[in-house]
Amino acid sequence: MTKQVIQTDKAPSAIGPYSQAVVAPAGSTVYLSGQIGLDPSTGDLVSEQVEEQVRQAFSNMSAVIHAAGGSLHSIVKLTLFLTDLANFGIANTVMSELIPEPFPARSTVEVSALPKGALFEVEAIIIV
């Protein structure tokens, strides 16, 4: 069983022992690692503002999806991580602007902390 690793310079490099995405051996399901609001060119958070971090995280996720041969229409499952569920509405608003309908399945969880002090993270499963 061989898995294919997806890597793009248009999204931040992994900041730990993981890949940006991995294609399952059958070749059609791609599991994306979480993306936070890092600027791919600097590796720093784009802002301390939640909305800007959410937009950048979705942009980073989109870059990895495209590198895997998919599009935003390819998403079948998203998981959103927020350090404060009070920001749930902001995440929903941005997601509804960026992700095409029909919307994928989704889970949202509040976490105590995220890497680099991020306020938001998104991970996805896509079909290509």
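The chain has the name Translational inhibitor in an unreviewed UniProt entry, where Advenella kashmirensis is given as its organism. Its UniProt record gives the chain a comment under Sequence similarities (unreviewed entry), which states: "Belongs to the RutC family."

A. Fine view of the overall build of the chain. When its secondary structure is counted, the chain shows two helices and six strands. Sequence-ordered secondary structure for the chain, helices as α and strands as β, is β-β-β-α-β-α-β-β. Its C-alpha atoms give the chain a radius of gyration of 14 Å, within 12% of the compact-globule value 14 Å for 128 residues. C-alpha extents for the chain along the principal axes are approximately 40 × 35 × 25 Å. Across the 128 residues in the chain, those meeting the buried criterion constitute 41%. Partitioning the intrachain contacts of the chain with sequence separation of at least 6 by distance along the chain shows that 67% fall at a separation of at least 24. Carbon and sulfur atoms provide 52% of the accessible area of the chain, an area that totals close to 6600 Å².

B. Fine view of the nonpolar core. Ranked by size, the top nonpolar core spans 27 residues in total, and within it L32, F58, M61, I75, L78, F120 and V122 carry the most contacts. When residues of this core are traced back to their parent elements, those giving at least two are β2 (21-23), β3 (29-36), α1 (50-67), β4 (75-82), α2 (88-98) and β6 (120-127). Sorting elements by how many residues they give to this core places α1 first, with eight residues. For I75, the contacting residues outside a window of four places in its chain are M61, I65, I99, P104, A124, I125 and I126. Counting residues in each nonpolar core, the second largest holds five residues, with I36, L38, F81 and L114 among its members.

Definitions and limits used
Residues numbered from 1 in each chain as written. Predicted model: local features only at pLDDT ≥ 70, side-chain atom pairs only at ≥ 80, totals over all residues. Heavy atoms only, no water. UniProt positions renumbered as here; feature names shortened; annotations may be inferred. Helix = DSSP H or I, 4+ residues; strand = E, 2+ residues; numbered from the N terminus. Rg over C-alpha atoms; globule rule 2.2 N^0.38 Å. Buried < 20%, exposed > 50% of the residue type's maximum accessible area, 1.4 Å probe, protein only. Contact = heavy atoms within 4.5 Å. Areas by Shrake-Rupley, 256 points an atom, 1.4 Å probe, with all protein chains shown as cover. Core = buried A, V, L, I, M, F, W, Y, C linked by side-chain atoms within 4.5 Å.

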